[in-house]
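Architecture and fold: a report
So the chains spell out like this:
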Amino acid sequence: MTDIKSMTLPELRDFLQGLGEPAFRGKQVFSWLSRGVGSFDEMSNLPLSLRERLKTACILSVPTVARKQVSAKDGTIKYLWELADGNCIESVLMRYHHGNTVCISSQVGCRMGCAFCASTIAGKVRDLTPGELLDQVVFTQKDSGAPISNIVLMGIGEPMDNLDAVLKFLELVNHPDGLNIGMRHISLSTCGVLPGIRRLAEQALQLTLSVSLHAPDSETRSRLMPVNRAYDVEELFAACHAYFEKTGRRISFEYAMIDGVNDQDWQADLIAKRLKGMPGHVNLIPLNDVAESPFRPSRRTAAFQKRLESHGLTATVRRSLGGDIDAACGQLRRKAEAEKGEDSQ
Ligand code: SAH
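Below or above, wherever it landed, is the structure these notes cover. (Residues numbered from 1 in each chain as written. Predicted model: local features only at pLDDT ≥ 70, side-chain atom pairs only at ≥ 80, totals over all residues. Heavy atoms only, no water.)

Turning next to the site of the ligand. The full set close to the ligand counts 17 residues, and Gly157, Ser189, Ser212, His214 and Asn288 are the nearest of them. Within the backbone of Gly157, a nitrogen or oxygen atom sits 2.9 Å from a nitrogen atom of the ligand. Between the ligand and Thr190 there is a distance of 3.4 Å, counted from an oxygen atom to a backbone nitrogen or oxygen. Protein contacts shield 95% of the accessible area of the ligand, which totals 530 Å² for the unbound molecule. Of all elements in the fold, only strand E10 (186-190) and strand E12 (252-257) reach the threshold of two or more residues within the shell around the ligand. Grouping the constituent residues of the shell around the ligand by class yields eight nonpolar, seven polar and two charged. (Near = heavy atom within 4 Å. Polar contact = N/O pair within 3.5 Å; in protein donor to acceptor, adjacent residues only side chain to side chain. Areas by Shrake-Rupley, 256 points an atom, 1.4 Å probe, with all protein chains shown as cover. Helix = DSSP H or I, 4+ residues; strand = E, 2+ residues; numbered from the N terminus. Nonpolar A, V, L, I, M, F, W, Y, C, P; charged D, E, K, R; others polar.)

Take the packing of aromatic side chains next. The full count for this structure, using the stated rule, is three aromatic pairs. Seen in terms of ring centroids, Tyr79 and Trp81 are 4.7 Å apart; in terms of plane orientation they differ by 10 degrees. Their pairing is stacked. Trp81 carries the same exposure label as Tyr79, and that label is buried. Taken together, a centroid distance of 5.2 Å and an interplanar angle of 25 degrees make the contact between Tyr255 and Phe304 stacked. Separated by 49 residues along the polypeptide, Tyr255 in strand E12 and Phe304 in helix H11 (residues 301-310) bring together distant segments of the chain. Comparing Tyr255 with Phe304 shows no difference in burial state: the two are buried. One cation-aromatic arrangement involves Arg35 over Trp32; the distance from NZ or CZ to the ring centre is 4.5 Å. (Phe/Tyr/Trp six-rings, centres within 6.5 Å; stacked < 30°, edge-to-face > 60°. Buried < 20%, exposed > 50% of the residue type's maximum accessible area, 1.4 Å probe, protein only. Lys NZ or Arg CZ within 6 Å of the ring centre and 35° of its normal.)

Quick look at the structure:
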């Protein structure tokens, strides 16, 4: 069976031509898929015989809402989607002045093992397909009625650990006959998987690369993020400089402020030293408390921000949305899994 939602427009055209259809059918099917149809019967401009043929040749699965939490404070919506195989993933709709943003997951679970993150505790189950990546955007828009203008790949999973699917997804979501979301409205966040950063640099896309830095020194970073033992932070900074040179795009560095671990002035100084020569933006994130983690939120965020700014860096503190609805990283999926576990006991 063909996974029709994961096909790019040229692939769809070829596929349909192989079934003896004219080339323009590709575009028709492609735009239906970007509108979130639930069955081939909804594709009303296709001949009946073709719809029947597609039903026997292709999978057209849709995610269903397993849970949905709406923040009474700011309208943030957290979705827990159930996929065709019963696995669940999260997406979050955030309403900003500059437009509606959806934060999507790239994998079911995560194998990166960051010590402060809820998404990785139970490991990775599987990669998502390009169609499942796209559906998070399409169905968040459809269910909420909020037109989506921005996408952040910052949900559960490591995008660079599933880069083939992610690159294909970018092509799908960016296409004028699809959702037509511009690359400059898309951010991709990585914990620092260097081969992925290098490969993305080769594509020279205009999206925003976010790097989860969390510590500028090897010792602290290895303690927080096992990925640093494979790809050391010094090499990471070198890859970031190369990325900037190749793409001309400013990188955004994510930095969760952890009490007594990564919030010291010398660490701000080291960030500045390592970013010299490229325009970096540091996004300071108030640490979300994860029950299983020994880390607590820093009380020095403002001082750390000032210290970074004293070196001429731009540093912002992330405004937190959806605090009343478990909107942070993997928390809803974990809660649902835990409750499933209790039910089956
Ligand atoms: N794997 C990718 C994207 C998913 S995580 C990455 O690591 O970038 C999205 C962001 O949330 C990352 O910057 C991650 O480090 C951060 N994060 C994870 N757990 C957090 C927590 N408890 N508090 C604050 N930020 C957290």
